[in-house]
Amino acid sequence: MHVGNARYVKREDLPETIPVFPLTGALLLPAGQLPLNIFEPRYLAMFDAALAGERLIGMVQPALSEPGEGSRQALAPVGCIGRITSFAETGDGRYIASLTGVCRFRVMDEVGEGHPFRTVSFMPFMSDLSSEDDEAAVDRQELLRVFRAYLDANKLEADWESVERAGNRTLVNSLSMMSPFGAAEKQALLEAPDLKTRADTLIAITEILLASGYGDSDTVLQ
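Please read these numbers as outputs of a predicted model, since none were measured by experiment.

Engineer: What is the right way to read the side chain of Ser121 from this model?
Structural biologist: Along the chain, the position of Ser121 falls in strand S8 (residues 118–124). Ignoring any residue separated from it by four or fewer positions in sequence, one finds Ser121 in contact with Glu16, Thr17, Arg106, Val107, Met108, Asp109 and Val111.

This is the structure:
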């Protein structure tokens, strides 16, 4: 996996621990792009530490049902490592940044390192680094049918020329990341074991949404 100016192929290419950014509803997938607006002091500190080190941040949702210990909310078991590939200072104390997905990871233990932000040890999904998804197994025609139905229901437009040019891996992961689903659905897409399963999950969730009468002309697909 080549991300920005770095190449990640083996476990040794990744650090032993990473800072994590718990954010409900945020989904980052390998090779995907996630924009961030960072303004809380603890996450500004996390961002500065990442820039000074490996430039890696773990995006993870808070746990869907498990209570945290004390005032600290538990984390979902699986997240995705992102590399900071662009950022800008706003002049009012914020960072506008973009993370590019490297690989998914399983949270092992939380590590107390005296920082205001949270840090975990982790087990990476090494298969994500190989980029050897079976793209041919994806039912592209069905995926595009459901995507078009969603757009029609919400009176949205798409750049179909770009969609047609996109490979199945890019298409599935991009649609998963921009989907307007809830935290549980986003986590299911993240934890899908392979590209075909993620595509099938995306199709099923979208069809359930459409069958429920979902459709809002004010919805904007980002």
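Engineer: What is the right way to look at the packing of helix H5 (residues 168–178) against helix H7 (residues 195–211) in this model?
Structural biologist: Between two packed helices, the angle of one axis relative to the other and the distance separating the axes together describe the packing. Relative orientation of the contacting elements H5 and H7 amounts to 45°, with a least axis distance of 10 Å. By the angle between their axes, H5 is oblique relative to H7. The two elements H5 and H7 cross, and the hand of that crossing is left-handed. Here H5 contributes Asn168, Arg169, Val172, Asn173, Leu175 and Ser176 to the contact with H7, which in turn contributes Leu195, Arg198, Ala199 and Leu202. Here the residues of the contact of H5 with H7 sort into five nonpolar, three polar and two charged.

Engineer: How do you make sense of H5 when you look at a structure like this?
Structural biologist: Spacing of three or four residues puts side chains on the same side of an α-helix, whose turn is 3.6 residues. The element H5 is largely enclosed, with a buried count of eight among its 11 residues. Along H5, the positions that sit buried rather than exposed are Asn168, Arg169, Leu171, Val172, Asn173, Leu175, Ser176 and Met177. If you follow the buried residues of H5, they end up packed against strand S4 (33–38), helix H2 (127–130), helix H3 (140–153), helix H4 (160–165), helix H6 (183–191) and H7.

Engineer: How do you make sense of the pairing of strand S6 (residues 78–89) when you look at a structure like this?
Structural biologist: The side chains of a regular strand alternate between both faces of the sheet. In this structure, strand S5 (residues 56–60) lies alongside S6, joined through four bridges in antiparallel fashion. When the bridges of S6 are listed, Leu56 appears paired with Arg83. Bridge analysis of S6 against strand S7 (residues 95–111) gives 11 bridges, and the strand direction is antiparallel. If you follow Gly79 over to S7, its bridge partner there is Phe105. From the end of S6 to the start of S7, which pair antiparallel, there are five residues, and Gly91 there has a positive phi angle of about 95°.

Engineer: I'm lost on the pairing of S8 in this one. Help?
Structural biologist: In terms of residue burial, S8 counts as a mostly covered element, since six of its seven residues are buried. Note that strand S3 (residues 17–22) and S8 share four bridges and pair antiparallel. Across the sheet, residue Thr17 finds its bridge partner in S8, namely Ser121. Two elements, S7 and S8, share six bridges in a ladder whose sense is antiparallel. Paired with Asp109 across the bridge in S8 is Ser121. Where S7 folds back onto S8 in an antiparallel hairpin, the turn is made up of six residues, including Gly114, whose phi is positive at roughly 75°.

Rules of the game
Each residue is numbered by its place in its chain's sequence as written, counting from 1. The predicted nature of this model means local features are confined to residues of pLDDT at least 70 and side-chain atom pairs, given and counted, to a pLDDT of 80 or more, with totals for whole chains, interfaces and linings taken over all residues. Side-chain measures here rest on the full set of heavy atoms in the structure, leaving out hydrogens and waters. The secondary structure listing takes helices from DSSP runs of H or I that are at least 4 residues long and strands from runs of E that are at least 2 residues long, numbered from the N terminus. Contacts between residues were defined by any pair of non-hydrogen atoms, one from each residue, lying within 4.5 Å. As a rule, the C-alpha atoms of each element are fitted with a line to give its axis, helices using only the stretch in contact, and angles between N-to-C directions run from 0 to 180 degrees. Small angles under 35 degrees read as roughly parallel and large ones over 145 as roughly antiparallel, with 65 to 115 read as roughly perpendicular and the rest as oblique. Take the far helix as your reference; a near helix turned counterclockwise from it by less than a right angle gives a left-handed crossing, and one turned clockwise gives a right-handed crossing. In this count, Pro and Cys sit with the nonpolar residues alongside Ala, Val, Leu, Ile, Met, Phe, Trp and Tyr, while Asp, Glu, Lys and Arg are called charged and the others, Gly among them, polar. With a 1.4 Å probe rolled over the protein chains alone, any residue whose accessible area is under 20% of its type maximum counts as buried; one over 50% counts as exposed, and the rest are partly exposed. Two strands pair under a simple rule: DSSP has to find at least two bridges between them.

Shape is all these values report; function is a separate question.
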